[in-house]
Amino acid sequence: MNDFPVPPIGVFGGTFDPVHYGHLRIAEEIAELAGLKEMRFVPAGIPRLRRGPEASLEHRVEMVRLAIEGNSRFILDEREVIRGGVSYSVDTLRELRQELGKDAVLCLVTGADAFIRLAKWHRWRELFDLCHFIIAARPGHLLSTEGRASPGALPQELEAECRDRWTSSAESLKYASGGLIFTAQTTLLDISATAVRARVALGKSVRYLVPEDTRDYIAANDLYREQR
Ligand code: ATP
Ligand code: MG
């Protein structure tokens, strides 16, 4: 417990294949409502829980770099791609905790769809000792009402682990280094990287789903043209 408020640091992991306005907008809203000092975008190396990303690691990183340029709170954190191999959030959070010290307030940001699957993550329970969770609303994945899990929204073992961790106050996150769960009522944007890739593969427009720089980058590098 901290006696005084510490500005939290957001940790936003993803495959970002490619980064899109759903990611960017929730990151902006969460940074604002939680008073984040910074939001670290952490592109995954090889994620364990899905089939391989379609763009190379270098391309995914570069698209994030371009997309967050100019937002002074947004930072690219390349530790997972540098580490190589399969990415585990628990290793990333452990490293950050070591670098930033025991009083740092770390908030792992996930969409509701990702959080629902948390109990499948490697050593997931340890994450609550390392960080808070901030969960962004995602269309089609109702998770909570009034700052608690809706009945039946979470698998039983996750629900049990979460039971005493919910907070409806973003401010309270600043007084503990981890262990709480906050659901952020961010703007619902039904954008997914899967749908972006599918549109590109069909030669359809992705304008206004992704930043212009991302769209240019996809075209210039001929990404997602073939479904592999
Ligand atoms: P894919 O369709 O390839 O899985 P994605 O759009 O889900 O891509 P990811 O890189 O998998 O993007 O997501 C990274 C994180 O961002 C996850 O925690 C995910 O839940 C969250 N996220 C992605 N898009 C949205 C969105 N539109 N609204 C809320 N959260 C989102
Ligand atoms: Mg996803």
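Further up the page is the structure itself.
Within any chain, residue numbers begin from 1 and follow the written order of that chain's sequence. Chains and ligands are labelled by the order in which they are written, letters from A for the one and numbers from 1 for the other. Only residues with pLDDT of at least 70 are given local features in this predicted model, and only at 80 or more are side-chain atom pairs given and counted; all residues enter the totals for whole chains, interfaces and linings. Excluding hydrogens and water, the side-chain values take into account all heavy atoms of the structure.

Teacher, can you tell me more about the site of ligand 1 here?
In this text, near means that some heavy atom of the residue lies within 4 Å of the molecule or strand in question. Near ligand 1 you find 22 residues, and of these H20, D113, L189, A193 and T194 are the closest. Polar contact is defined as a pair of N or O atoms within 3.5 Å, subject to the rule that within protein one atom must be able to donate a hydrogen and the other to accept it, and that residues adjacent in sequence are counted only when both atoms are side-chain atoms. In this structure, D113 approaches ligand 1 through a side-chain N or O atom, which is 2.5 Å from an oxygen atom. Taken by itself ligand 1 offers 590 Å² of open surface, and the protein chains cover 90% of this. According to the grid-proximity analysis, the pocket containing ligand 1 is the largest pocket. Counting only elements with at least two residues in the shell around ligand 1, the list comes to β1 (9-14), α1 (21-33), β6 (106-111), α5 (112-116) and α8 (193-201). Under the grouping applied here, Gly and all other residues not named as nonpolar or charged are polar, the nonpolar ones being Ala, Val, Leu, Ile, Met, Phe, Trp, Tyr, Cys and Pro and the charged ones Asp, Glu, Lys and Arg. Among the residues making up the shell around ligand 1, the classes are represented as 8 nonpolar, 10 polar and 4 charged. The Shrake-Rupley method, run with a 1.4 Å probe, gives the accessible areas here. Residue values count only the displayed protein chains as cover. Definitions used throughout: a 1 Å grid over protein atoms alone; a cavity as a set of points that fits a 1.4 Å probe which cannot get out; a pocket as an open set with protein on both sides within 12 Å along at least five of seven lines; a lining residue as one with an atom within 4 Å of a point. Should more than half of a molecule's atoms lie within 2 Å of a pocket's or cavity's grid points, that molecule is taken to sit in it. Strands here mean DSSP runs of E at least two residues long; helices mean DSSP runs of H or I at least four residues long; both are numbered from the N terminus.

Would you explain helix α9 (residues 212-220) in this entry?
Residues separated by three or four positions in an α-helix point in the same direction, a consequence of the helix having 3.6 residues per turn. Only protein chains enter the calculation, and the probe is 1.4 Å; a residue is then buried if its accessible area is under 20% of its type maximum, exposed if over 50%, and partly exposed in between. Considered for burial, the residues of α9 that qualify are T214, Y217 and I218. Burial along α9 is one-sided: seen end-on, the buried residues are contained in an arc of 100 degrees. Those residues of α9 that are exposed and angled more than 90 degrees off the buried face are A219 and A220. Buried residues along α9 sit against α2 (57-68) and α8. A positive phi of about 55 degrees marks D222, the residue just after α9. The arc in question is the one traced by the directions running from the helix axis out to the C-beta atoms. In this description, contact between two residues means that some pair of their heavy atoms is separated by no more than 4.5 Å.

Hey, could you run me through α1 in this one?
For α1, built from 13 residues, the straight-helix expectation of 18 Å at 1.5 Å per residue is met to within 8% by its first-to-last C-alpha distance of 18 Å. Three or more residues of α1 are buried, namely G22, H23, L24, I26, A27, E29, I30 and A31. Looking one or two places after α1, you find G35, whose phi comes out positive at around 60 degrees. In a helix, the anticipated span is given by 1.5 Å times the number of residues less one.

For this particular structure, what's the right way to read the nonpolar core?
A general feature of soluble globular proteins is that nonpolar side chains tend to end up buried together. Buried Ala, Val, Leu, Ile, Met, Phe, Trp, Tyr and Cys residues form a nonpolar core when they are joined through side-chain atoms within 4.5 Å. F12, I30, M39, F41, M63 and I134 are the most contacted members of the largest nonpolar core, which has 41 residues in total. Apart from the residues within four sequence positions on either side, I30 is in contact with G35, L36, M39, V109, I134, A136, A184 and T186.

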